[in-house]
Amino acid sequence: MKCMMMMTQKDLFPLFSPTCSLDGCVLLLTSRELVRLVNRPVTDTRMFLLVGAGRLSLRINEVSYEMKAHFFLDLLEGVRVEICDLSTDLQAWCLIPNYTFAKASLKTLRPGPDHYLIDRLHRPVLSLTDGQFEYLERQMEILKSTLASLDHYYRRELLLVYFKSFMLEVGQIMLERSQTDNQLPPVISKRDWVMMDFMKLVWQHVAVEHQIDFYADKLCISTKHLSRLVKEVLGKTPHEVICDELIKRATERLDDENISVSQIAEELHFSDQAAFCKFFKKHYAVSPMEYRRKLRMEH
């Protein structure tokens, strides 16, 4: 069988009609469009998949899952996913936001349960009650209708609001599950705890510490061992995780035009502005200044 090239989030948007997406910021696919993703593995993509009827099979980091009516997938970035098969009667929605769009929409949203990340790694596919499904289905339909309104002057603004509404409903479902779920918690391996501790350290120290050695020392393991564990769980290296978080911090600061690029470079502990600009362009494909110009045009 022919091996398909791994796609990233940026590869997905050009494949579909403008009525399905907003400027590379958010993409919403229905069953008809999902057919194009069968046997095309995707990585580094935040994805929500809601099934209303029919059946869908997929692999997440080589683990197989079967989704049917009222099943919901909440997939974290850094996880590999491949849709393997769809039934002919499938009714489903697949929502893919990029980080910048989600950040703009959710900047005032309170965090969810503490165990959320571990739970999603072990149980990315959830079975919803009829009521929970109807809440999310309604949000998907509103988002789809808004995306299709290409001439609406406030299309982007509405999508930001409606995506936040969708995430509020997801958050409520997660809180309800944490309070009423009678299942035993998943057995968390030492590997997963190390990975989660690594992520917490990155979130806490990445503005200052860019080297893998620092995090391995904090975790009392070798850099080789840390690299293997993170690769097994997230499908990427610790260096890639650190770079991804630095890019996220950089884009957050670049959104505020009162902060100079040189100041951001200093805050993120790059040797100088040139080194920061080189890093940003390597990972984001545009320079920090070009990123800001693009933001001005979008607004």
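Residues numbered from 1 in each chain as written. Predicted model: local features only at pLDDT ≥ 70, side-chain atom pairs only at ≥ 80, totals over all residues. Heavy atoms only, no water.

## Considering the sheet that holds strand 9 (residues 125-127)
Strand order in the open sheet formed by 6 strands is 1-2-8-3-6-9, with antiparallel pairing between adjacent strands. Edge positions in the sheet fall to strand 1 (21-22) and strand 9, since each has one partner strand and no second. Summarising the sheet, strand 3 (residues 47-53) and strand 8 (residues 91-97) pair through 5 bridges and their orientation is antiparallel. Paired with Leu 50 across the strands is Trp 93, a residue of strand 8. Packing of helix 5 (residues 130-148) onto the sheet brings it into contact with strand 1, strand 2 (26-30), strand 3, strand 6 (71-75) and strand 8, and relative to strand 3 it is tilted by some 110 degrees. (Pairing = 2+ DSSP bridges. Helix = DSSP H or I, 4+ residues; strand = E, 2+ residues; numbered from the N terminus. Contact = heavy atoms within 4.5 Å. Axes fitted to C-alpha atoms, helices over the stretch in contact; angles between N-to-C directions.)

## Concerning helix 12 (residues 273-284)
Because each turn of an α-helix spans 3.6 residues, side chains separated by three or four positions in sequence point in the same direction. Relative to the 16 Å expected for 12 residues at 1.5 Å per residue, helix 12 spans 16 Å between its end C-alpha atoms, a close match to the ideal helical length. N-capping of helix 12 is provided by Asp 272, with a side-chain oxygen placed 3.2 Å from the backbone N of Ala 274. Ala 285 sits one or two residues past helix 12 and shows a positive phi near 75 degrees. (Expected span 1.5 Å × (residues − 1). Polar contact = N/O pair within 3.5 Å; in protein donor to acceptor, adjacent residues only side chain to side chain.)

## Quick word on the layout of surface pockets
As a volume, the second largest pocket reaches approximately 1100 Å³. Lining of the second largest pocket is provided by 32 residues; of these, Gln 9, Lys 10, Ile 247, His 283 and Tyr 284 occupy positions nearest its centre. Going through the elements one at a time, helix 1 (9-12), helix 3 (99-106), helix 10 (238-254), helix 12 and helix 13 (288-298) are the ones with two or more residues in the lining of the second largest pocket. (1 Å grid on protein atoms, 1.4 Å probe; cavity = no way out; pocket = protein on both sides within 12 Å on 5 of 7 lines; lining within 4 Å. Points joined across faces, edges and corners; volume = space filled by probe spheres on them.)

## Observations concerning the pairing of strand 8
The buried fraction of strand 8 is high, at 6 of 7 residues. With 5 bridges connecting them, strand 2 and strand 8 associate as antiparallel partners. Looking at strand 8, one finds that Thr 30 is bridged to Trp 93. (Buried < 20%, exposed > 50% of the residue type's maximum accessible area, 1.4 Å probe, protein only.)

## Here we look at empty space enclosed by the protein
Taken as a whole, this structure holds 1 cavity of 30 Å³ or more when the rule is applied. For the largest cavity, the calculated volume is near 40 Å³. Forming the boundary of the largest cavity are Leu 37, Arg 40, Val 42, Met 47, Val 81, Glu 82 and Ile 83. The element contributing the most residues to the lining of the largest cavity is strand 7 (residues 81-86), with 3 residues.

Interpretation in functional terms is not warranted from these geometric data alone.
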